[in-house]
Amino acid sequence: WSRKELIRRLVLSSTYRMSAQASQKSLAIDPDNIFLQYARVRRLPAESIRDAVLATSGSLNPTMYGPGVPLNLDQTAASRARPLKSGPLDGNGRRTVYQEMRRNYLPPLLLAFDLPQAAVALGERGVTNVPAQSLAMLNDPFIIQEANRWADQLVHADKLSTEQRINLVHRIAFSRPATEKEIDLSKHMLDYFQERSLEGDERASPSQQAWQNLCHLMLNRKEFIFIR
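Caption draft 1: Examining the overall build of the chain more closely. Across its full length, the chain carries ten helices and two strands. Ordered by position from the N terminus, the helices and strands of the chain form the series α-α-β-α-α-α-α-α-α-α-α-β. Counting all 228 residues of the chain, 36% fall into the buried class. Residue pairs at least 24 apart in sequence account for 59% of intrachain contacts in the chain once pairs closer than 6 positions are excluded. Of the roughly 14,900 Å² that the chain leaves accessible, carbon and sulfur atoms contribute 53%. The average position of the 30 basic charges and that of the 24 acidic charges among the side chains of the chain differ by 9 Å.

See below:
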C-alpha cells in the first residue's frame, strides 16, 4: 500500500475535480445533490483561515518545528490564571499549529470559527455560519493588521497599474484573475475610499488607506474562507 499513490488517485479522479457550480439540469433532477453531481461548498476550519490570512498578507513564516508561540493576550480578560507572557498579535507569522493553546485562554478569532473548547471532549468539530464570524473578520485586530500589511506591499509594488494591482489581489486571495465586473467595482471602491479616508489616521496616505480597505474587504468575501 502506498499512501502517495492513493492520494494521487483520489485527487485526479473526476469526482474530486468537480466544480461547485451546478448546472441547471443537475439542480432540476437532483436539487439536494444526493448523487454528488457537483462539489459541495465547504468552509475552511479555523486554523486554516488564520494561516490563509498570513499567507495572503505575505506574513506567513514557513519555519517548521520548534517551541510554540505564546498567545496574544490583548483581547483576553484579566485573571489570576492569565499567563505572564503575551505573544505577538501575528504569532510571529507561524502557522496556527505552532500557537500555544491554553484551556482558559483560547484565541477569540479561532473560537468564532468553531475551535473546540479545550475543556470539553468533542468527537467531531461543528461547522457553523453565524454573524459572529463576519464580525470577527471585520473587527479582529489580527485581520486588520494583516490587511494593512498586504496593502503596504501593493502600494509599494513598482510599475503596476491599478488594474494590475486589482488582478494581483484576486490572484493572491482566490488563485484566479479578477473579472471585468470585479475590476470595475474595485476601482469604484478605491475611488470611494480615497474620497472618504479613515478619520484620525494620519500615518497613511489616502491611497494607502484605500488599498487597506480593499484588502480588508477581500479577506471578508465568502470566497476567501469557503472552498468551491
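Picking up after the structure, the text goes on.
Caption draft 2: Highlighting the environment of Ser48. Relative to the helices and strands, Ser48 is located in helix α3 (residues 46–57). The class of Ser48 is partly exposed, set by a relative accessible area of 29%. Residues Ser48 and Val97, spaced 49 residues apart in sequence, show a C-alpha to C-alpha distance of 9.6 Å.

Caption draft 3: Local environment of the pattern of salt bridges. Scanning the entire structure with this criterion turns up twelve salt bridges. Its salt-bridge partner being Asp51, residue Arg50 comes within 3.8 Å of it at the nearest N-O pair. We note that Arg50, like Asp51, is buried. In this structure, Glu182 engages Arg176 in a salt bridge whose closest nitrogen and oxygen atoms are separated by 2.7 Å. One continuous salt-bridge network, built from bridges that share partners, spans Arg176, Glu182, Arg221 and Glu223.

Caption draft 4: Structural view of the side chain of Thr56. Tracing the chain through its elements places Thr56 in helix α3. A polar contact of 2.7 Å, which involves the side chain of Thr56, links it to the backbone oxygen of Ala52.

Caption draft 5: Geometry of the confidence of the model for the chain. Mean pLDDT over the chain stands at 88; residues scoring 70 or higher make up 96%. Predicted confidence in the chain is weakest over strand β2 (residues 226–227), with a mean pLDDT of 86, and strongest over α3, with 95.

Caption draft 6: Structural detail: the nonpolar core. Membership of the largest hydrophobic core comes to 37 residues, with the highest contact counts inside it found for Phe113, Trp150, Trp211, Leu219 and Phe224. Of all the secondary-structure elements, those providing two or more residues to this core are α3, α4 (108–112), α5 (131–139), α6 (141–155), α7 (162–174), α8 (180–195), α9 (206–219) and α10 (222–225). Ignoring any residue separated from it by four or fewer positions in sequence, one finds Leu219 in contact with Val53, Thr56, Met137, Ile143, Ala147, Trp150 and Phe224.

Caption draft 7: Structural detail: the environment of Gly91. For Gly91, the location among the structural elements is in the loop between α3 and α4. The sequence separation of Gly91 and Leu71 amounts to 20 residues, and the corresponding C-alpha distance is 7.2 Å. Setting aside residues no more than four positions away along its own chain, Gly91 makes contact with Arg50, Val69 and Gln99.

Caption draft 8: Quick peek at the packing of aromatic side chains. All chains considered together, the criterion is met by one aromatic pair. Sitting over the ring of Phe142, Arg50 keeps its end group 5.4 Å from the ring centre.

Caption draft 9: Summary view of α3. Taking 1.5 Å of rise per residue, the twelve residues of α3 would be expected to cover 16 Å, and the 17 Å separating its terminal C-alpha atoms lies within 8% of that figure. Of all twelve residues in α3, nine are buried; the element is thus mostly enclosed. Residues Ala46, Ile49, Arg50, Asp51, Ala52, Val53, Leu54, Thr56 and Ser57 constitute the buried set of α3. Gly58 sits one or two positions beyond α3 and adopts a positive phi of about 80°.

Caption draft 10: Geometry of α6. Between its terminal C-alpha atoms α6 stretches 21 Å, which fits the 21 Å expected from 15 residues at 1.5 Å a residue. Where α6 is concerned, the buried positions are Phe142, Ile143, Glu146, Ala147, Trp150, Ala151 and Leu154. Here the buried residues of α6 occupy an arc of 165° about the axis, which is enough to place them on one side. Here α6 starts with a cap whose side-chain oxygen sits 2.9 Å from the backbone nitrogen of Phe142, and that cap is Asp140.

Cut-offs used in this document
- Residues numbered from 1 in each chain as written.
- Predicted model: local features only at pLDDT ≥ 70, side-chain atom pairs only at ≥ 80, totals over all residues.
- Heavy atoms only, no water.
- Helix = DSSP H or I, 4+ residues; strand = E, 2+ residues; numbered from the N terminus.
- Buried < 20%, exposed > 50% of the residue type's maximum accessible area, 1.4 Å probe, protein only.
- Contact = heavy atoms within 4.5 Å.
- Areas by Shrake-Rupley, 256 points an atom, 1.4 Å probe, with all protein chains shown as cover.
- Lys, Arg positive; Asp, Glu negative; His and termini not counted.
- Charge placed at Lys NZ, Arg CZ, Asp CG, Glu CD.
- Salt bridge = Lys/Arg side-chain N within 4 Å of Asp/Glu carboxyl O.
- Polar contact = N/O pair within 3.5 Å; in protein donor to acceptor, adjacent residues only side chain to side chain.
- pLDDT = per-residue confidence, 0-100.
- Core = buried A, V, L, I, M, F, W, Y, C linked by side-chain atoms within 4.5 Å.
- Phe/Tyr/Trp six-rings, centres within 6.5 Å; stacked < 30°, edge-to-face > 60°.
- Lys NZ or Arg CZ within 6 Å of the ring centre and 35° of its normal.
- Expected span 1.5 Å × (residues − 1).
- Arc of directions from axis to C-beta.

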